[in-house]
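# Remarks on the overall topology
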Amino acid sequence: MLFDFVLLDKLRAARHIAVFSGAGMSAESGIPTFREAHTGLWAKYRPEDLATPDAFLRDPVTVWNWYAWRRELLRDAKPNPGHLAVAQLEGLVPKVTVITQNVDGLHQRAGSSDVIELHGNILDTRCFDCGRPAESAAVKASEEVPPRCGHCGGMLRPGVVWFGESLPSAAWSRASEVLEEADVFFCIGTSSLVEPAASLPRYARSCGRTVIQINPEATSHDVIAQYILRGKAGEVMPELLFAAWPHG
Ligand code: BJW
Ligand code: ZN
């Protein structure tokens, strides 16, 4: 891919880069996205049956087992060249912050040191009733589905954000602060349909940041991006880094 010289100059001059990522970032690691036709999770399952507090209260066993299956998928997954390129940015610009909607922890496993998880982490478990986090050893040892909270006896649930739930307030306020100071904002592998996360690229643009969109498909946020790089994150990101910093 050929890149605009002005874009390459902006990357080299950046003091702080924000990377906003969605499920497409992990697609090349074998983790299914949500909304893609045929392959996305929501093509096979209904979000209202699996990813809401009401769904969990109606059928906790099904919801727990669905998340257990997704944790299994993650066990075999590795960070892909897109995650690795994002992590590599840390050696090239003074500050890099990853703001991710993903719950898979692959950015951290790739080596990114500053990752804000807007939708939680699928490997965390907490009590539905009292909110206390649960020890993973106790969860693994439990024979109950879902396991029970050691403090109040409530049902344990995955530590992710379901529809109708608020985002973790510390993560949301840090993400907003990052947009105040980052000069470049990458928007990678997200359909930008889920609020309030999808407001971040709009906010970045309104703050005058350079917005770069990386996605093989068009999204509603193409209109706010100054640069649209049409392709897979695991291909475009390494090529872009090589074009901007050929000597590493
Ligand atoms: C590639 C690629 C490759 C493929 N390389 N790219 C207006 C304002 C505020 C709220 C709302 C609102 N309107 C509606 C709402 C409510 C709701 C919402 O947004 N609904 C919309 C769907 C309409 N939002 C909420 O409920 C949120 N909470 C909230 O608003 O709290 C306030 C409140 C409280 C109470 C009442 C009312 C308001 C919470 C949202 C939580 C989202 N949770 C999920 C599940 C997480 C747990 C789990 O994993 O199971 O988060 S849903 C799912 O969508 C997941 C994702 O993080 C999220 C975003 O999806 P993403 O990442 O964009 O994936 P896809 O599949 O959509 O797109 C993949 C993209 O990758 C595509 O574009 C591909 O082309 C691309 N791609 N391969 C690069 N190789
Ligand atoms: Zn509890």
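This section reports on the structure supplied with the text. Owing to the predicted nature of the structure, the values given are computational and were not obtained by experimental measurement. (Residues numbered from 1 in each chain as written. Chains lettered and ligands numbered in written order. Predicted model: local features only at pLDDT ≥ 70, side-chain atom pairs only at ≥ 80, totals over all residues. Heavy atoms only, no water.)

Moving on, we get to the overall build of the chain. When you go through the chain residue by residue, the secondary structure sums to 12 helices and 8 strands. Overall size of the chain, expressed as C-alpha extent along the three principal axes, is 60 × 35 × 30 Å. Each of the 248 residues in the chain was classed as buried or not, and the buried ones make up 51%. Within the chain, counting contacts between residues at least 6 apart in sequence, those at least 24 apart form 68% of the total. Per element, the accessible surface of the chain, about 11,800 Å² overall, is 53% carbon and sulfur. Averaged over its 24 positive side-chain charges, the chain has a centre that lies 1 Å from the centre of its 29 negative ones. (Helix = DSSP H or I, 4+ residues; strand = E, 2+ residues; numbered from the N terminus. Buried < 20%, exposed > 50% of the residue type's maximum accessible area, 1.4 Å probe, protein only. Contact = heavy atoms within 4.5 Å. Areas by Shrake-Rupley, 256 points an atom, 1.4 Å probe, with all protein chains shown as cover. Lys, Arg positive; Asp, Glu negative; His and termini not counted. Charge placed at Lys NZ, Arg CZ, Asp CG, Glu CD.)

Of the voids in this model, the second largest pocket is the one considered here, and its volume is about 390 Å³. In this structure, the second largest pocket is lined by 16 residues; those nearest its centre are Arg71, Arg75, Leu123, Val139 and Lys140. With 5 residues, the top contributor of residues to the lining of the second largest pocket is helix α6 (residues 60-75). Of the residues that constitute the lining of the second largest pocket, the class distribution is 7 nonpolar, 3 polar and 6 charged. (1 Å grid on protein atoms, 1.4 Å probe; cavity = no way out; pocket = protein on both sides within 12 Å on 5 of 7 lines; lining within 4 Å. Points joined across faces, edges and corners; volume = space filled by probe spheres on them. Nonpolar A, V, L, I, M, F, W, Y, C, P; charged D, E, K, R; others polar.)

Let's shift gears to helix α10 (residues 169-181). With 13 residues, α10 should cover 18 Å at 1.5 Å per step; its first-to-last C-alpha distance of 19 Å lies within 8% of that length. Restricting attention to buried positions, one finds in α10 the residues Ala171, Ala175, Val178 and Leu179. Down the axis of α10, the sector holding all buried residues measures 100 degrees, keeping them to one side. When the buried face of α10 is taken as reference, the exposed residues oriented beyond 90 degrees from it are Ser169 and Ala170. On the buried face of α10, the contacting elements are β1 (16-21), β2 (95-100), β3 (115-117), β6 (184-188) and α11 (199-206). (Expected span 1.5 Å × (residues − 1). Arc of directions from axis to C-beta.)

In the vicinity of ligand 1, 35 residues are found, and the nearest of them are Tyr67, Arg70, Gly164, Thr190 and Ser191. For ligand 1, a nitrogen atom lies 2.8 Å from a polar atom in the side chain of Glu28. A distance of 2.6 Å is found between an oxygen atom of ligand 1 and a side-chain nitrogen or oxygen belonging to Tyr67. Alone, ligand 1 offers 1,500 Å² of accessible surface; in the complex the protein occludes 76% of this. Sorting the residues of the shell around ligand 1 by element identifies α2 (24-27) and α6 as the ones contributing at least two each. (Near = heavy atom within 4 Å. Polar contact = N/O pair within 3.5 Å; in protein donor to acceptor, adjacent residues only side chain to side chain.)

Protein coordination at the zinc ion (ligand 2) comes from Cys127 (SG), Cys130 (SG), Cys149 (SG) and Cys152 (SG), with a distance range of 2.2 to 2.4 Å. When the donors of the zinc ion (ligand 2) are listed by position in the chain, the intervening gaps give C-x2-C-x18-C-x2-C. Separated by 22 residues along the polypeptide, Cys130 in the loop between β4 (120-127) and α9 (136-141) and Cys152 in the loop between α9 and β5 (156-160) bring together distant segments of the chain. When its relative accessible area of 34% is taken as the criterion, Cys130 is described as partly exposed. Owing to a relative accessible area of 41%, Cys152 belongs among the partly exposed residues under this scheme. (Donors = N, O, S within 2.8 Å, 3.2 Å for Na, K, Ca; no water.)

Note that all results are geometric; they support no functional claim without further evidence.
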